[in-house]
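# Coordinate inspection notes
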Amino acid sequence: MSEPNCLVANDWVCGEYLRTRSQELTDATVQHLGITVVSVVIGLLIAFPLALFARRRRAFAGAVLGLTTVLYSVPSLAMFSLLLPVFGLSASLVVTGLVLYSLTILVRNILAGLEAVPDDAREAARGMGYGSWRLLWEVELPLSLPALFAGVRIATVSTVAMTTVGAIVDYGGLGGLIMSGLQTDFKAQVLTASVLCVLLAVAADLLLLGLQRWLTPWTRIRTARAAFAPTPEVTEAAG
């Protein structure tokens, strides 16, 4: 007697599901990835000038940070409902909501990175004749990359997770498979889509971490020097 098909048995782990639904999984993953990338990129393009504005106009810094925090605190279903009359049932609705959620993370990390730039570096650049914009792009921005990338990584991982909510308007990528699987008690679909969502978040985080390390080689040198620097106990013993 042959073993029952895992799809018929409705098993959580089912290779047959992967084989027969591979195109469906691929399409959902591509949509999920596309929505995530577009949302984070647009969020970064908006957050950067907002952070610069808040840094140069200290009187408005509290208002900018407060507004982005309020947007982040709005529940996702309420946010999508508020945006629905403007964008309708479309991918733009999901992307706009995700962009608004990413702003509080990105703006705060960009500001933190710019504030962490040593004053000595700024003074040295000004002494060499750097103007404000050249100082920003050639000195402050490169030195603030670790904090900026930390914000991008957090925003990306959270966006991967929140994209699933877009399933309520049929633009949730893997979230659509999770929702339909829950509604029909399709265990293999729920588990597979959930695992792919987690893998997507981990892969994106590792990719951004690798890009950060490639763009900031001086941080690796600093870490290596700190690792091989003698400890106070060793110094005292040598003395």
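These notes cover the structure that comes with them. Since the model is a prediction, treat every value here as computed from it, not as a measurement.

## Overview of the state of the cysteines
Disulfide: a covalent bond connecting the sulfur atoms of a pair of cysteines. Tallied over the full model, the rule gives 1 disulfide. Two residues, cysteine 6 and cysteine 14, share a disulfide whose sulfurs are 2.0 Å apart. Taking the torsion about the S-S bond as the criterion, the cysteine 6 to cysteine 14 disulfide, at about 60 degrees, is right-handed. For cysteine 6, a relative accessible area of 17% gives the class buried.

## Observations concerning the environment of valine 157
Residue position: valine 157 is located in helix H9 (residues 145-163). Since its relative accessible area comes to 33%, valine 157 is described here as partly exposed. Placed 48 residues apart in sequence, valine 157 and aspartate 205 show a C-alpha to C-alpha distance of 6.8 Å. Setting aside anything within four residues of it in sequence, one finds valine 157 in contact with Ala201 and Asp205.

## Re the packing of helix H4 (residues 58-73) against helix H6 (residues 91-115)
In contact at an axis separation of 7 Å, H4 and H6 are set at 145 degrees when each is read in the N-to-C sense. Considering only the axes of H4 and H6, their crossing is left-handed. Residues Arg58, Val64, Leu65, Thr68, Thr69, Leu71 and Tyr72 of H4 form the contact with H6, whose participating residues are Leu100, Tyr101, Leu103, Thr104, Ile105, Val107, Arg108, Leu111 and Glu115. Each residue belonging to the contact of H4 with H6 can be placed in one class, and the counts come to 10 nonpolar, 3 polar and 3 charged.

## Quick word on a nonpolar patch on the surface
Together, Trp12, Val13, Leu191, Val195 and Leu199 line one region of the surface with nonpolar side chains, adding up to about 480 Å² of accessible area. Mapped onto the secondary structure, leucine 199 falls in helix H11 (residues 187-215).

## Points about unusual backbone geometry
Of note, aspartate 170 is a non-glycine position whose phi angle comes to about 65 degrees, a positive value. Its location among the elements puts aspartate 170 in the loop between H9 and helix H10 (174-184). Positive phi values are uncommon outside glycine, yet aspartate 185 reaches one of about 55 degrees. Here aspartate 185 is to be found in the loop between H10 and H11.

What counts, and where the lines are drawn
- Residues numbered from 1 in each chain as written.
- Predicted model: local features only at pLDDT ≥ 70, side-chain atom pairs only at ≥ 80, totals over all residues.
- Heavy atoms only, no water.
- Disulfide = S-S within 2.5 Å.
- Buried < 20%, exposed > 50% of the residue type's maximum accessible area, 1.4 Å probe, protein only.
- Helix = DSSP H or I, 4+ residues; strand = E, 2+ residues; numbered from the N terminus.
- Contact = heavy atoms within 4.5 Å.
- Axes fitted to C-alpha atoms, helices over the stretch in contact; angles between N-to-C directions.
- Left-handed = near helix turned anticlockwise from the far one by under 90°.
- Nonpolar A, V, L, I, M, F, W, Y, C, P; charged D, E, K, R; others polar.
- Patch = residues over 30% accessible without salt bridge, like charges linked within 9 Å, V, L, I, M, F, W, Y side chains within 5 Å.
- Areas by Shrake-Rupley, 256 points an atom, 1.4 Å probe, with all protein chains shown as cover.
- Salt bridge = Lys/Arg side-chain N within 4 Å of Asp/Glu carboxyl O.

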